[in-house]
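Chain by chain, the residues run as shown.
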Amino acid sequence: MAITKELIDGLLITIQDLYLADDIPWMVGYSGGKDSTAAVQLVWMALEKLPKEERKKPIHIMNTDTLVESPVVSKWVEKSLDAMKEASDKKDLPIIPERLIPDYNNTFWVNLIGRGYPFPRMKYRWCTDRLKIRPVNDFIKDKIAEHGEIILVLGTRKKESYRRNRTMTNLEKKRVRELLSPNPTLANELVFSPMEDWSDEDVWAFLMQYKNPWNYSNMDLLTMYRGATADNECPLQIDKSTQSCGKSRFGCWVCTMVEKDKSMEAMIANDQEKEWMSPLLEFRNEFGNEEGDRERRSFRRMKGNLQGNYGKLFHGPYKKEVREHWLERLLSIQKDINENGPEEFKDLELIRLQELQTIRRIWVNDKHEFDDSLPRIYERVLEKPFSDPTWLHNENFESEEWDILKKVCEEMYPNEELAFEMMYTLIDIENKASDVNQRKSILDDINKTLCKTFYRDEEDATEYYSNMMMRKKENGGKYNEKFLDYQPLESEFEDNEDK
């Protein structure tokens, strides 16, 4: 399909007709990439051609900021949303840019460094739902509650991938109205994909032929894509054997779902001015390294229980020293970029203050690490006070008492790996149970602590778990067959690491 003026004019009329057909508000997904840019541009151009009195229905341009986007792309999106707002206000268009972020209790760093979740991988992809899907769904649900239903406009295309083609084709069969497909995961949401039959080359041809209506540069977008390809090339008119920069992918710089972040690597290789991003790649490769990752994590699951397969225990959350080391590394990289990176990134926050405050509460309240190390790490690296005005300070036990307890445990129980954890957890439980309501469950809390910390080490825990499974098997109880019978090794990861 060739992009022609007749084709675009006809598509704009289709968009106008669909817009005027009802009072259902529109949401347009916008990532800052080529496809979503083209989708927003088509909707904008169609709306702008309508008489002012017919532009009654709001159009929300939704961008999901995972808070770990590639800094270059994130800055691009931030500026483009500002340009959209300025242009829509100036032209009196009902276009509302919206930047959505995940709940600060569920960000990437809060889960990785705070709770100690193992880094995301194919069989344990905890990040996508928390960082991308939930913020959008929450926003859309609010709008559905307000208006009854909404229309979601997406730049998705069948030629993006075989899976996308199959999904979109199946949804076409379920269309309740012409051009509108139902969302299988969200009721009262209809999906409109105006570019569903376009190719990569069609998208670029459209963006190069039609001026960006919010006064942003499509040529700069092309340059950014070209800079994210290994060969620094981005042909527009190509045959099927020619690789297009349209296949470049931008996303989270922390992404461990791919072996290498080729887009960021290419940006750095193609542009000396982007070498300041190299530490981000190095850090991502450090915490996303599968080799040795098992040793960085506790031999118990998140709740302290044992589980395993093939005669080995599954490992759970990252240990305290690992989480603290990664926090220090992240803050050090942030400081270096602020001081030595480009001027526009002097205020870059790789991790937000709200995330740090949440991590602090998880470490101290949930994990009972009463030494409260986060403010010290922050102040040591960034050389400024840590701000947390709502924090309730506990002066009974602090880092000094923590160090004394640790030394005593190491001297008295040198071979008991969990003795220190047992002691500091029990002390913290007792210390926090100050009123009657809290003391009601103190015996249960103490019992739970003893049950998950009485092992000497992993070898002792493995033997205990094995003997427990054997007893259950011998007595006709339900047991973990995969652990005892040495079946082929399965993934140690589950959909919910909290289990």
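Below, the structure is looked at part by part.

## Concerning the sheet that holds strand β1 (residues 26-29)
The strand order across the open sheet formed by six strands is β3-β2-β1-β4-β6-β5, and the pairing between neighbours is mixed. Two strands lie at the open edges of the sheet, namely β3 (95-100) and β5 (181-182), each paired on one side alone. Here four bridges tie strand β4 (residues 150-153) to strand β6 (residues 189-192), and the two strands are oriented parallel to one another. Bridging across to β6, Ile 150 finds its partner in Glu 189. In the packing of helix α5 (residues 127-147) onto the sheet, the strands contacted are β1, β2 (59-64), β3, β4 and β6, and the crossing angle to β2 comes to about 160 degrees.

## Notes on helix α4 (residues 108-115)
Judged by how many residues are buried, α4 sits mostly within the fold: eight of eight residues are covered. Buried within α4 are the following residues: Phe 108, Trp 109, Val 110, Asn 111, Leu 112, Ile 113, Gly 114 and Arg 115. Where α4 is buried, its residues touch α5, α10 (278-287), α11 (320-340) and α12 (353-366). Remark: Gly 116 follows α4 within two positions and exhibits a positive phi of approximately 85 degrees.

## Details of the packing of helix α2 (residues 34-48) against helix α8 (residues 218-227)
At their nearest, the axes of α2 and α8 sit 11 Å apart, and the two run at 165 degrees to each other. One way to sum up the angle between α2 and α8 is to call them roughly antiparallel. Crossing of α2 against α8: the hand is left-handed. Residue-level contacts link Lys 34, Thr 37 and Gln 41 of α2 to Asn 218, Leu 221 and Tyr 225 of α8. Looking at the contact of α2 with α8 residue by residue, the class counts come to two nonpolar, three polar and one charged.

## Quick look at the environment of Ile 359
With respect to the helices and strands, the residue Ile 359 is situated in helix α12. On the basis of relative accessibility, which here comes to 0%, the residue Ile 359 falls in the buried class. Taking the C-alpha atoms as reference, Ile 359 lies 7.7 Å from Arg 115; in sequence the two are 244 residues apart. Ignoring anything within four residues of it in the chain, the contact list for Ile 359 reads Trp 109, Val 110, Ile 113, Gly 114, Ile 351 and Leu 374.

## Re the nonpolar core
Counting residues in hydrophobic clusters, the biggest one holds 99 residues, and the most contacted among them are Trp 26, Trp 109, Phe 206 and Trp 253. Ranked by the residues each element gives to this core, the list is headed by α2, at nine residues. Setting aside anything within four residues of it in sequence, one finds Phe 206 in contact with Ile 3, Ile 8, Ala 38, Gln 41, Leu 42, Met 45 and Trp 198.

## Quick look at unusual backbone geometry
A positive phi is found at Tyr 310, a non-glycine position, where the angle reads about 60 degrees. As for its position among the elements, Tyr 310 is in the loop between β7 (308-309) and β8 (312-313). At Asp 372, a position not held by glycine, the phi torsion is positive, near 50 degrees. Looking at the secondary structure, you find Asp 372 in the loop between α12 and α13 (373-382).

## Thoughts on the pattern of salt bridges
Taken as a whole, this structure holds 33 salt bridges when the rule is applied. Salt-bridge contacts for Lys 143 lead to Glu 146; the nearest nitrogen and oxygen are separated by 3.8 Å. Of the two residues, Lys 143 and Glu 146 are both situated in helix α5; the distance of three residues between them amounts to about one turn of the helix. Accessibility expressed as a relative area gives 16% for Lys 143, which makes it buried. On the basis of relative accessibility, which here comes to 53%, the residue Glu 146 falls in the exposed class. Across the pair Arg 361 and Asp 388 runs a salt bridge, and its minimum N-O distance is 2.9 Å. Of this pair, Arg 361 sits in helix α12 while Asp 388 sits in the loop between α13 and α14 (399-412), and the two are 27 residues apart along the sequence. Of the residues examined, Arg 361 reaches a relative accessible area of 24% and is grouped as partly exposed. Here the salt bridges do not stand alone but share partners, grouping Arg 121, Glu 290, Asp 293, Arg 296 and Arg 297 into one network.

Procedures and definitions
Residues numbered from 1 in each chain as written. Predicted model: local features only at pLDDT ≥ 70, side-chain atom pairs only at ≥ 80, totals over all residues. Heavy atoms only, no water. Pairing = 2+ DSSP bridges. Helix = DSSP H or I, 4+ residues; strand = E, 2+ residues; numbered from the N terminus. Contact = heavy atoms within 4.5 Å. Axes fitted to C-alpha atoms, helices over the stretch in contact; angles between N-to-C directions. Buried < 20%, exposed > 50% of the residue type's maximum accessible area, 1.4 Å probe, protein only. Parallel < 35°, antiparallel > 145°, perpendicular 65-115°, else oblique. Left-handed = near helix turned anticlockwise from the far one by under 90°. Nonpolar A, V, L, I, M, F, W, Y, C, P; charged D, E, K, R; others polar. Core = buried A, V, L, I, M, F, W, Y, C linked by side-chain atoms within 4.5 Å. Salt bridge = Lys/Arg side-chain N within 4 Å of Asp/Glu carboxyl O.

The values reported here are purely geometric and, on their own, carry no functional implication.
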